[in-house]
Amino acid sequence: MNQKKPWSGRFLKSTHHLMEQFSASVGFDYRLYRHDIAASIAHARMLSRQGIITQMDFDSIEKGLLEIQAEIENNTFEWREALEDVHMNIEAALISKIGEAGKKLHSGRSRNDQVATDMRLFLRQELDEICLQLTELQHALISLAEQEAETILPGYTHMQAAQPVTLGHHILAWNEMLQRDFERFQQCRQRINICPLGSAALAGTSYPIDREMTARELGFEGVSLNSLDAVSDRDFIIEFTAHAAVAMIHLSRVSEELVLWSSDAFGFVDLGDQFCTGSSIMPQKKNPDVAELTRGKSGRVCGDLMSLLMLMKGQPLAYNRDNQEDKEPLFDTVDTLQMCLGIFSAMFPGVKFNRDRMNAVAEKGYSTATDLADYLVRKNIPFRDAHEIVGKVVGYAVEQSVALPDIALSQLQNYCSVIEQDVYDVLDLRGSVNARDHVGGTAPKRVKQAAAGARKLLNARNSSSG
Ligand code: ARG
């Protein structure tokens, strides 16, 4: 407390202790330190290249900053709340370490373009990590899909057994969701990877800076084109969080299925002891906590998105202090999504599907009723009549508690005389899935092709994206 502030020149009274607490962000923005230091080194190198500071100044700035980075990483750096944020903590430490040269680092920049730069560097790195995690999870799903290409389970609409599908097809549906997530993140990365440095506080700077050089040093693909926008724009954070929210909703939907499937009533899946917990009172229980927690955590990420949208809603140009509030929701979103993707990747390879049970439930659910209707249509019965006839057959099966393939031919012929022995090919689950033999269909043959195609997309990533 009562630490001299870098901006205190025009102030007569020192900051109230409540104000220090209120305005401090170092408790959470400290995690930008590596990006802050990298950006400062790039900025200082540019200043020296442009003759704004000397080479000697740059050398000692760089050395000082790297020492500070090491101190932070071995936990000997003292963060001070009175110095507000990560930026001023590091700058103050630099000045006390190297003196005069340290005071020159902030020439031609402001914390406004500094924090915007740090946030972009941070998010670019975390996004790349998320994309790697997505790829890993997709690999796991595709392997499972191949393994379960022939497995049959009931497909549901309205949570009612609808038509038989293959489990591989179902798993590849999850993969499609994640594939879109990956593509969205990659598109968003292009808009993240723009350098705001040089925008300074809001209007740019009168120093002869070289913005392209700083951008290049930091791996940015270009420089921002309007200083007012650059210091105030948080679209890239909103956009990322929106995509993260969609990704979390996908994980939540998968989770919901895993919760249902692992219940006694379904009995489709065993998620593995390592990823379940027991009950302190009911010894028989094995709870699908990964799925439940993920489903729950999807809510907080949607909340983060809402916080960020509301944060920006009323802001005039250019930078406003409100923007400091962008960090906690973003960090929370990054941490949550990374954690969920990580545990899904760890859990999925060990998941055991109960193929017999899935098959039995598909048989019981009359899920080949549509195939019977289609069969009748092929025998020249109009579809609406066929639908009516099959409805009656299903009614009979329910009454007699039999599966459709177990109804005798003579009995079936009571409902419609065109039915012949070949009807059993379509009443059979395997016949039903094999018949869905087109791109995007559930036939095992198509599932294997789709899995190979999906894997090809993953393998192309290594060369094309970060
Ligand atoms: N900690 C601030 C933030 O996160 C840094 C920028 C502060 N700029 C200022 N002029 N007060 O946005």
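Coordinates for the structure precede this section.
The following paragraphs examine the structure supplied in this document. A quick note: this is a predicted structure, and the numbers were derived from the prediction, not measured. (Residues numbered from 1 in each chain as written. Predicted model: local features only at pLDDT ≥ 70, side-chain atom pairs only at ≥ 80, totals over all residues. Heavy atoms only, no water.)

1. Some details on a nonpolar patch on the surface
- Judged by side-chain polarity, Leu202, Leu228 and Leu317 come together as a nonpolar surface patch covering roughly 270 Å² of accessible area.
- Among the structural elements, Leu317 can be located in the loop between α12 (289–313) and α13 (327–347). (Patch = residues over 30% accessible without salt bridge, like charges linked within 9 Å, V, L, I, M, F, W, Y side chains within 5 Å. Areas by Shrake-Rupley, 256 points an atom, 1.4 Å probe, with all protein chains shown as cover. Salt bridge = Lys/Arg side-chain N within 4 Å of Asp/Glu carboxyl O. Helix = DSSP H or I, 4+ residues; strand = E, 2+ residues; numbered from the N terminus.)

2. Describing the nonpolar core
- Within the largest apolar cluster, 91 residues are counted, with the highest numbers of intra-cluster contacts made by Phe185, Phe240, Trp261 and Phe348.
- Among the elements that line this core, the one with the most residues is helix α7 (residues 111–147), at 14 residues.
- When residues no more than four places from it in sequence are discounted, the contact partners of Phe240 are Leu123, Leu127, Ile130, Phe185, Cys188, Leu330, Thr333 and Val334.
- Grouped together as the second largest cluster of nonpolar side chains are 23 residues, Ile381, Val390, Leu404 and Tyr424 included. (Core = buried A, V, L, I, M, F, W, Y, C linked by side-chain atoms within 4.5 Å. Buried < 20%, exposed > 50% of the residue type's maximum accessible area, 1.4 Å probe, protein only. Contact = heavy atoms within 4.5 Å.)

3. Details of the packing of aromatic side chains
- Under the counting rule described, the total for this entry stands at 12 aromatic pairs.
- Their ring planes at 90° and their centres at 5.3 Å tell us that Phe266 and Phe268 sit as a pair that is edge-to-face. In this pair, the class of Phe266 matches that of Phe268, namely buried.
- Residue placement shows Arg124 over the ring face of Phe220; its charged tip is 5.3 Å from the ring centre.
- Geometry around Phe182 places Arg461 over its ring, the cationic atom sitting 3.4 Å from the centre. (Phe/Tyr/Trp six-rings, centres within 6.5 Å; stacked < 30°, edge-to-face > 60°. Lys NZ or Arg CZ within 6 Å of the ring centre and 35° of its normal.)

4. Here's the deal with the site of the ligand
- Around the ligand, a shell composed of Ser25, Asp85, His87, Arg111, Asn112, Val115, Tyr319, Gln324 and Lys327 is seen.
- One nitrogen or oxygen atom from the side chain of Arg111 is found 3.5 Å from a nitrogen atom belonging to the ligand.
- Side-chain polar atom of Asn112 to a nitrogen atom of the ligand: 3.0 Å apart, as the coordinates give it.
- Contact with the protein chains hides 85% of the accessible area of the ligand, taken as 340 Å² for the molecule alone.
- In terms of residue count, the dominant contributor to the shell around the ligand is α7 (3 residues). (Near = heavy atom within 4 Å. Polar contact = N/O pair within 3.5 Å; in protein donor to acceptor, adjacent residues only side chain to side chain.)

5. Structural notes on helix α3 (residues 33–49)
- For α3, spanning 17 residues, the distance from its first C-alpha to its last is 24 Å, which sits close to the expected 24 Å at 1.5 Å a residue.
- With 13 of its 17 residues buried, α3 lies for the most part within the structure. (Expected span 1.5 Å × (residues − 1).)

6. Quick word on helix α16 (residues 383–400)
- Between its terminal C-alpha atoms α16 stretches 25 Å, which fits the 26 Å expected from 18 residues at 1.5 Å a residue.
- All of the buried residues in α16 are Ala386, Ile389, Val390, Val393, Val394, Tyr396 and Ala397. End-on view of α16: buried residues confined to an arc of 155°, all on one side of the axis. Residues Arg384 and Glu399 are exposed on α16 and point more than 90 degrees away from its buried face.
- Check the buried side of α16 and you find it contacts α15 (369–378) and α17 (409–415).
- Positive phi shows up at Ser401, right after α16, with a value of about 55°. (Arc of directions from axis to C-beta.)

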